[in-house]
Amino acid sequence: MSSSDPKTRPKPVTRPPAPVPPSSWAKRTGFKPKFSGETNASDSGQIALPPRSRENENQPDLEAGRARPVPSVVNGEQAVSEKGPAEKDQSVKKRREADGTNKGSSAAAANGHTVNNGAAPQPQQPTRRPSRNEDVVDVLPQNVDDEGFVGRHSHLKYELRDTPGLVPIGLYGFQHYLSMLGSLILIPLVIVPAMGGTYEDTANVVSTVLFVSGVTTLLHSFFGSRLPLIQGSSFVFLAPALAIINSPEFRGLNGNNFKHIMKELQGAIIIASAFQALLGYSGLMSLLLRLINPVVVAPTVAAVGLSFYSYGFPQVGNCLEIGAVQILLVIIFSLYLRKISVLGHRIFLIYAVPLGLVITWAAAFLLTEAGAYSYKGCDTNIPSSNIVSEHCRKHVSRMKHCRVDTSHAFKSSPWFRFPYPLQWGTPVFHWKMAIVMCVVSIIASVDSVGSYHASSLLVSSRPPTPGVVSRGIGLEGLSSILAGLWGTGTGSTTLTENVHTIAVTKMGSRRAVELGACVLIVLSLVGKVGGFIASIPEVMVAALLCFMWAMLAALGLSNLRYSEAGSSRNIIIVGLSLFFSLSIPAYFQQYGISPNSNLSVPSYFQPYIVTSHGPFRTKYEGVNYIMNTLLSLHMVIAFIVAVILDNTVPGSRQERGVYVWSESEAARREPAVVKDYELPFRVGRIFRWVKWVGL
């Protein structure tokens, strides 16, 4: 019989060998053997008190490749504390007793040792391996810390309810937001030029995004899930926004195309956000949670990142010496230099995106000033169609995309500008665009559910209850209504990258996120900040997006760590979901790339011109628009395929990795859980009768 400590524990000769625990390769790959006599762990997982005796079983950890700590629940699996060799033997002993093969004495069973002289040695103390702790928090996909989510995490510098002081909280809050710079600002840099907006319009939208992100983050921290999650313009809304922007009715508009299209987007977002708020506060989200599991979340979120491949590197290719260098710098910082610490901070890992941007921008500025992109007799301000010289025509692309002084947004931006509601005009409401956005709001809710669960394992003592999740989704709906009124171009939702940032920065305090949100609001009032961000060259924006979208796809797939990733059932479901999420939209989008399409639209936006002449051609124009648009969106197809297969193909709760949420009654009996999730200012007492939106 094999044992984890063969030197201290002699092997009985008369007993058959017990199943061998997973080897190192099995631990790394997530292989989980099913020992004989072991019951399915899916029945456990709630936080009912007192804990069950089976919490002491030593179950392999699919993430770290070793035992889970006690006492808590992770996705249908009972977590146990890390054991020393003697305690590991105790688990093997229990499995043998369940098989009826072990009749050892009670003293030996209590200490987990088989003894020959009747003297049971003292159990060894649990051991810790800090090196494992370091590796867990700095890799993609991020892992739960070795301590599980029982009590408080020792790897976090500041925990969920910590308020150590203004200076450290401000420092770490600024660090938290700076590490997520790309997620906060890149969407306006894509959609505003697509709407025909100027650099000044881009600067104004960027300032508006920062303002709304700060306000909605504060609202979510106080009245939403209360987890330290940043709210902002999500990439989930980017594809449907581009589909609406490229709708046929917006072609050939006279006047300011930007304001007209923005008002259409505002109307669609407001209606969809009201639907999302109703979904959360009505309790319907609690029912929908039964259909949302890691096998559904993983391909849905991954499809969001994979869907923009046609925009990424084709734009970088316009100036390879700038864009490619930036991609390489971000990769080097985030992967090869990720463990280098300066004053206790892994600056290269935390600030990979802003550092890569600053270095590349400085290099491009020096090249521009040195005249590397200046050609005699050529002016970048002259439209390409008016250039007569063949010499200038040859170099016009490099002058436009490689120079860093072609934008006048910073100079023209005012020092002070207050973003206000309806600044672009009264929103315009069209039911067909609103229905498209309503479906997308469901996808955004699925994305947020995965973020709630992952972040709660990092910073909280227990996962939230279904009521807290519903409350968070409802608050995100209200936040998106604010985004629609202010005119950010997209809805506001939890940024998926936030979970990785929490693991990397080791900042789990909601106070840091709240203070950072206040700083974000102040910065949004400084018009020069928006102008500075709007002046980022397009090539650098595309290079940053290549990394951000790749990380988004990786973070989506990382949800599979909560399930049995090696299960053939899950592999097939995820594979089918991802393949059809790319293949079916490709069938629909081929109708957008046609000789009759608008040639003035860039090639990377032409797949979104599918609404006018897609394969759906009924006599109802609105139905054609909705079906052609929705079925051309990668994330919608991934969600539909995954949710149908995962909820119809047989599989155990453990195999599926069903999300385990805390039970309301048990949560109310634990003071730590109540303090984590209860609403402040005694607001929760008002809604105590509404069980589906609270503890």
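Located above this text is the structure these notes cover.
Quick caveat, the model's predicted, so the values are computed rather than measured. Every chain is numbered independently, its residues counted from 1 as its sequence is written. With pLDDT at 70 or above as the cut-off, local features in this predicted model cover only qualifying residues; side-chain atom pairs require 80 or more to be listed or tallied, and sums for whole chains, interfaces and linings still use all residues. To obtain the side-chain values, all non-hydrogen atoms of the structure were included, while hydrogens and water were left out.

**A word on the overall build of the protein chain**
Within the protein chain one finds 30 helices and 4 strands. Looking at the protein chain as a whole, 57% of its 695 residues are labelled buried. Of the contacts made within the protein chain by residues no fewer than 6 positions apart, 79% connect residues no fewer than 24 positions apart. Areas reported here follow the Shrake-Rupley algorithm with a probe of radius 1.4 Å; residue values treat only the protein chains shown as occluding. By element, 63% of the accessible surface of the protein chain is carried by carbon and sulfur atoms, the whole surface being about 28300 Å². What counts as a helix is a DSSP run of H or I of at least four residues, what counts as a strand is a run of E of at least two, and both are numbered from the N terminus. Burial classes follow relative accessibility: with a 1.4 Å probe on protein chains only, a residue under 20% of its type's maximum area counts as buried, one over 50% as exposed, and anything between as partly exposed. Only heavy atoms enter the contact rule, under which two residues are in contact if any of them lie within 4.5 Å.

**So, unusual backbone geometry**
The phi angle at arginine 226 is positive, at roughly 70°, despite the residue not being glycine. Among the structural elements, arginine 226 can be located in the loop between helix 7 (199-223) and strand 3 (231-233). Look at arginine 226 and you get buried, because its relative accessible area is 5%. A positive phi is found at leucine 422, a non-glycine position, where the angle reads about 55°. Relative to the assigned elements, leucine 422 resides in the loop between helix 17 (409-412) and helix 18 (431-459).

**Structural notes on helix 26 (residues 634-648)**
Residue count minus one, scaled by 1.5 Å, sets the expected span of a helix. End to end, helix 26 covers 22 Å across 15 residues, agreeing with the expected 21 Å (1.5 Å per residue, within 8%). Listed as buried for helix 26 are His634, Met635, Val636, Ile637, Ala638, Phe639, Val641, Ala642, Val643 and Asp646. Against the buried residues of helix 26 lie helix 8 (238-245), helix 11 (294-306), helix 18, helix 24 (568-589), helix 25 (621-630) and helix 27 (653-656).

**Digging into the nonpolar core**
We call a set of buried residues a nonpolar core when its members are Ala, Val, Leu, Ile, Met, Phe, Trp, Tyr or Cys and they connect through side-chain atoms within 4.5 Å of each other. Grouped together as the largest cluster of nonpolar side chains are 130 residues, with contacts concentrated most on Met195, Leu238 and Ile536. If you tally residues by element for this core, the top one is helix 18, at 14 residues. Those residues in contact with isoleucine 536, other than ones at most four positions away along the chain, are Ile185, Leu189, Leu357, Trp361 and Val541.

**Digging into the packing of aromatic side chains**
Between rings of Phe, Tyr and Trp, where Trp is taken as its six-membered ring, a pair exists when centres lie within 6.5 Å; planes separated by under 30 degrees are stacked, by over 60 edge-to-face, and by other angles tilted. According to the stated counting rule, one finds 15 aromatic pairs in the structure shown. Measuring from ring centre to ring centre gives 6.2 Å for phenylalanine 222 and phenylalanine 223, while their planes differ by 40°; the resulting arrangement is tilted. Between the aromatic rings of tyrosine 562 and tyrosine 659, the centroid separation amounts to 6.2 Å while the plane-to-plane angle is 65°, which identifies the pairing as edge-to-face. Here the residue tyrosine 562 occupies a position in the loop between helix 23 (538-557) and helix 24, and tyrosine 659 occupies one in the loop between helix 27 and helix 28 (664-668), the gap between them amounting to 97 residues. Each member of the aromatic cluster is reached from another via a ring pair, and the members are Phe235, Phe308, Tyr311 and Trp549.

**Some words on the pattern of salt bridges**
Just to be clear on terms, a salt bridge is a Lys or Arg side-chain nitrogen sitting within 4 Å of an Asp or Glu carboxyl oxygen. One pass over the full model with this rule turns up 5 salt bridges. A salt bridge links glutamate 514 to arginine 511, with the nearest nitrogen and oxygen atoms 2.8 Å apart. Of this pair, glutamate 514 and arginine 511 are both found in helix 21 (residues 510-524), 3 residues apart, which corresponds to roughly one turn of the helix. For glutamate 514, a relative accessible area of 7% corresponds to the buried category. By relative accessible area, which is 31% here, arginine 511 ends up partly exposed. Among the salt bridges present, the one from arginine 569 reaches aspartate 646, with a minimum N-O distance of 3.0 Å. With arginine 569 in helix 24 and aspartate 646 in helix 26, this pair connects stretches of sequence that are 77 residues apart. Given a relative accessible area of 8%, arginine 569 falls into the buried group. Using a relative accessible area of 0% as the deciding quantity, one classes aspartate 646 as buried. Among the charged side chains, a network of salt bridges with common partners joins Arg569, Asp646 and Arg656.

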